[in-house]
Amino acid sequence: MPFTIFTIVGARPQFIKAAAVSRAIRTVYSNELTEFIVHTGQHYDSDMSDVFFEELEIPKPAFHLHVGSASHGAQTAAMMTALETLFQTEKPDLVLVYGDTNSTLAGALAASKILIPVVHVEAGLRSFNKSMPEEINRILTDHVSTMLFTPTQTGVDNLKKEGFSQKEGDQVDANHPLVVHSGDVMYDNALYFRKLAEEKAKDWFHTLDANNGFILATIHRNANTDDSKRLKSLLTGLSNASEFLNQPVFLPLHPRTLKMIQQFAETDAFFADLPSRNIRILPPASYLQMVLLEARCSLIMTDSGGVQKEAYFYRKPCLVLRPETEWVELVQSGAAILVDADEKKMQEAVAFFSSTDYPAPDGFYGDGKSAEFICGEILRMLKRQKDSANCGT
Ligand code: UD1
Ligand code: UDP
């Protein structure tokens, strides 16, 4: 009998990460691992959810919780309540969670408290800024997990400082968790989908009139969207960059940011007049569209974790619209510059990148086979657990 894995997803970056592992299960481990996808419903607009299942060929969710948007406590609690019932009924062999969203935390807490092993993919990342909801989610998830797959060596180092060990003893369980440096499944996807993006998104790309170059930007962090002064500085920085490079800014916009821009526009004309500042708001892009935008732009300005790394995959200079990042190797290598919401820092960084070659070496995020490696390690752990349970009986 194959082992059963329940994969918890809910937010856009999780669909994308899950696509890589799901593909590895289907193509390499289908005799030994059976995956059931559980969609919490955290993201629900079709361009924030369905499009990724279709484009990335992710199996349809076996279970959909339809939780929707709410405050952190209400949303996480609703997910946990539904997940606990589901896990108790279905009794999966393990629960797999990705990243640092409320869906991640809900899956990890609900499973660990009823003694189902939790596997955390993208473990060990830290911003050291607990005003970010994601930092709380990742710390708590790591500390209830049985296997922690880190995308970077920094992830391993962070976990060691928190008392985790990379050494494998006789036992692997929540009291004896195992940290494994796996590389980043998003890099697997970058390699796997690059050609397909050229084929499938090129007609869409031609409609953008982007022949003379463009800057790609994304903004969605609550710290950036909810404060009108800060959001205005960011958008001013985008507009200044556009003027400096004489290229438009394409801004595929998260619904949260669009809502805030529309709300602020009621009292401040700046927010209503972004096209005249050469900022073109687009609907959220599909993954393949996003790959083409990233591969063909001249510069990326973003507060997204995933987009920072994708900038590096496609060797595009990146301005990080945050005071810190979990992807420290990007900043240390010079591939990315932390500009926060500081208009002067943004201007300096744009000028710097426009006069320099791309500085970073390849290889920060593995060999493009992280998902397969993760599945192999999971299987090894499950077999060992089964063997030791059989010995005990
Ligand atoms: C969440 C994650 C964040 C991740 C991001 C990826 C948490 C705490 N945050 O942030 O780490 O980087 O997803 O995109 O889990 N909305 C819609 N339609 C949707 C989804 C959201 O309109 O399909 C709007 C709603 O107004 C909602 C707001 O966006 O209240 C925020 O959504 P939510 O899922 O709570 O957080 P994100 O900002 O998306
Ligand atoms: N992404 C996308 N369309 C967009 C913006 C982002 O497909 O309009 C992809 C992006 O290429 C990356 C992932 O979504 O693979 C990053 O997710 P997001 O920025 O929502 O969250 P974060 O990574 O910051 O948690």
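See the structure above.
These numbers come from a predicted model, not from an experiment. (Residues numbered from 1 in each chain as written. Chains lettered and ligands numbered in written order. Predicted model: local features only at pLDDT ≥ 70, side-chain atom pairs only at ≥ 80, totals over all residues. Heavy atoms only, no water.)

Asker: Can you walk me through the site of ligand 1 in this structure?
Answerer: Among the 19 residues in the neighbourhood of ligand 1, the closest are listed as H43, E134, H220, H254 and R256. Taking H43, its side chain carries an N or O atom lying 2.7 Å from an oxygen atom of ligand 1. At a separation of 2.8 Å, an oxygen atom of ligand 1 approaches a polar backbone atom of N102. For ligand 1, whose unbound accessible area comes to 740 Å², protein coverage reaches 89%. Among the elements that line the shell around ligand 1, the one with the most residues is helix 10 (residues 255-265), at three residues. (Near = heavy atom within 4 Å. Polar contact = N/O pair within 3.5 Å; in protein donor to acceptor, adjacent residues only side chain to side chain. Areas by Shrake-Rupley, 256 points an atom, 1.4 Å probe, with all protein chains shown as cover. Helix = DSSP H or I, 4+ residues; strand = E, 2+ residues; numbered from the N terminus.)

Asker: Looking at this structure, how should I read the site of ligand 2?
Answerer: In the neighbourhood of ligand 2, 19 residues make up the surrounding shell, with R221, A285, S304, G306 and E310 lying closest. Separating an oxygen atom of ligand 2 from a backbone N or O atom of G305 is a distance of 2.8 Å. One nitrogen or oxygen atom from the side chain of E310 is found 2.6 Å from an oxygen atom belonging to ligand 2. For ligand 2, the protein covers 96% of the area, taking 530 Å² as the surface of the free molecule. Residue assignment for the shell around ligand 2 shows that the elements contributing at least two residues are helix 1 (12-28), helix 11 (287-296) and helix 12 (305-313). Broken down by element, the residue count for the shell around ligand 2 peaks at four residues, all from helix 12. Taken together, the residues of the shell around ligand 2 sort by class into 10 nonpolar, five polar and four charged. (Nonpolar A, V, L, I, M, F, W, Y, C, P; charged D, E, K, R; others polar.)

Asker: Honestly, the sheet that holds strand 13 (residues 336-338) in this entry has me stumped. Any pointers?
Answerer: Backbone hydrogen bonds are what pair the strands of a sheet, in a parallel or an antiparallel way. One open sheet holds the six strands; their spatial order is 10-9-8-11-12-13, and the pairing between them is parallel. At either end of the open sheet lies a strand with only one pairing partner, and these are strand 10 (279-282) and strand 13. Between one strand axis and the next, the sheet turns by 20 degrees as a mean value, whatever way the strands run. Here strand 9 (residues 249-252) pairs with strand 10 via four bridges, running parallel. Residue L251 lies in a different strand from strand 10, and its bridge partner there is I281. Across the sheet, helix 11 lies against strand 8 (215-218), strand 9 and strand 11 (299-302), angled at about 130 degrees from strand 8, the strand it touches most. (Pairing = 2+ DSSP bridges. Axes fitted to C-alpha atoms, helices over the stretch in contact; angles between N-to-C directions. Contact = heavy atoms within 4.5 Å.)

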